[in-house]
Amino acid sequence: MILNDVHSNIQKNKSRKRIGRGVGSGSGKTSGRGHKGAGSRSGYSSQRVFEGGQMPLVRRIPKRGFNNPYADIVAIINVGDLDICYENGEEVTPASLKEKRLVKGRYDALKVLGDGEITKKITVSAHKFSKSAQEKIEKAGGKVVVLPGKAPVIKGQKKTAKEG
């Protein structure tokens, strides 16, 4: 081995395989697409879950339960977390929670749960409160503000336009 030759011909990026450039290149004639079939045609694209005719994993695994795509997404926060992140007399709103990164992503309703202890007097604004959370906040001298949520959909009732 010659030390000054070790790194010769080593390239950072591998050059792409040039297909359809004659039989001698190793990928001439059919250009790596094989013979006949959908895969050899232009415009063909397989599904991401396609496994060559084998039953796809998505269909092999058992399904259980029910996933409601229309259900409200409820973000939760515990009273103990509020005690850590907020000072005495501060106001807790959905916007301030996002700012402090206690709640992430999109949600339809914010619910405050009663896990942990609260010692600070804070005003908490949210869509829902558990009974224990409400009791703990009020016991510490804080205030609970219930925000209006999405209007519930009542089956068989049509919306009427206000006359005025």
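Residues numbered from 1 in each chain as written. Predicted model: local features only at pLDDT ≥ 70, side-chain atom pairs only at ≥ 80, totals over all residues. Heavy atoms only, no water.

Helix and strand content of the protein: four helices and six strands. Reading the protein from its N terminus to its C terminus gives the helix and strand order α-β-α-β-α-β-β-β-α-β. Since a compact globule built from 164 residues should have a radius of gyration of about 15 Å, the 31 Å found for the protein marks it as more spread out than a globular shape. Dimensions of the protein, computed from the C-alpha atoms along their principal axes, are close to 85 × 65 × 40 Å. Counting every position in the protein, which comprises 164 residues, the buried fraction comes to 21%. Across the protein, contacts joining residues at least 24 apart in sequence account for 40% of those joining residues at least 6 apart. (Helix = DSSP H or I, 4+ residues; strand = E, 2+ residues; numbered from the N terminus. Rg over C-alpha atoms; globule rule 2.2 N^0.38 Å. Buried < 20%, exposed > 50% of the residue type's maximum accessible area, 1.4 Å probe, protein only. Contact = heavy atoms within 4.5 Å.)

For His 127, the position within the fold is in the loop between strand S4 (123-126) and strand S5 (128-129). In terms of polar contacts, His 127 uses its side chain to reach the backbone amide nitrogen of Leu 110, at 2.9 Å. Setting aside its immediate chain neighbours within four residues, His 127 contacts Asp 108, Ala 109, Leu 110, Val 146, Leu 147, Pro 148 and Gly 149. (Polar contact = N/O pair within 3.5 Å; in protein donor to acceptor, adjacent residues only side chain to side chain.)

Below, the discussion takes up unusual backbone geometry. If you check the backbone angles, Lys 29 has positive phi at about 50° while not being a glycine. Within the chain, Arg 101 stands out as a residue other than glycine whose phi angle is a positive 60°. As for its placement among the helices and strands, Arg 101 is situated in the loop between helix H3 (94-99) and strand S3 (109-113).

This brings us to the environment of Pro 94. By the element assignment, Pro 94 lies in helix H3. Separated by 14 residues in sequence, Pro 94 and Asp 108 place their C-alpha atoms 11 Å apart. In this structure Pro 94 touches Tyr 107, Leu 110, Ser 125 and Leu 147, once residues within four positions along its chain are discounted.

A separate point is the packing of aromatic side chains. Applying the stated criterion across every chain, the model contains zero aromatic pairs. Positioned above the aromatic ring of Tyr 86, the side-chain terminus of Lys 100 is 4.2 Å from the ring centre. (Phe/Tyr/Trp six-rings, centres within 6.5 Å; stacked < 30°, edge-to-face > 60°. Lys NZ or Arg CZ within 6 Å of the ring centre and 35° of its normal.)

Moving on to the nonpolar core. Ranked by size, the top nonpolar core spans 19 residues in total, and within it Leu 82, Leu 97, Leu 110, Val 112 and Val 124 carry the most contacts. Counting only elements with at least two residues in this core, the list comes to strand S1 (74-78), helix H2 (79-85), S3, S4 and helix H4 (131-139). Discounting residues that sit within four places of it in the chain, Leu 82 has contacts with Ile 77, Val 92, Leu 97, Val 112, Ile 122 and Val 124. (Core = buried A, V, L, I, M, F, W, Y, C linked by side-chain atoms within 4.5 Å.)

Attention shifts here to the side chain of Ser 130. As for its placement among the helices and strands, Ser 130 is situated in the loop between S5 and H4. A residue is classified by how much of its surface remains accessible, and Ser 130, at 16% relative accessible area, is buried. Polar side-chain contacts of Ser 130 include one of 3.4 Å to the backbone nitrogen of Gly 114. If near-sequence neighbours (up to four positions away) are discounted, Ser 130 is found in contact with Lys 111, Val 112, Leu 113 and Gly 114.

Pairing is parallel across the open sheet formed by three strands, whose spatial order is S2-S4-S6. The sheet terminates laterally at strand S2 (91-92) and strand S6 (143-146), the two strands that pair on one side only. (Pairing = 2+ DSSP bridges.)

Another point: the sheet that holds S1. What the three strands build is an open sheet, ordered S1-S3-S5; its pairing is parallel. With one partner strand each, in any of the chains shown, S1 and S5 form the two edges of the open sheet. The pairing of S1 with S3 spans five bridges and is classified as parallel. Of the residues in S3, the one forming a bridge with Ala 75 is Leu 110.

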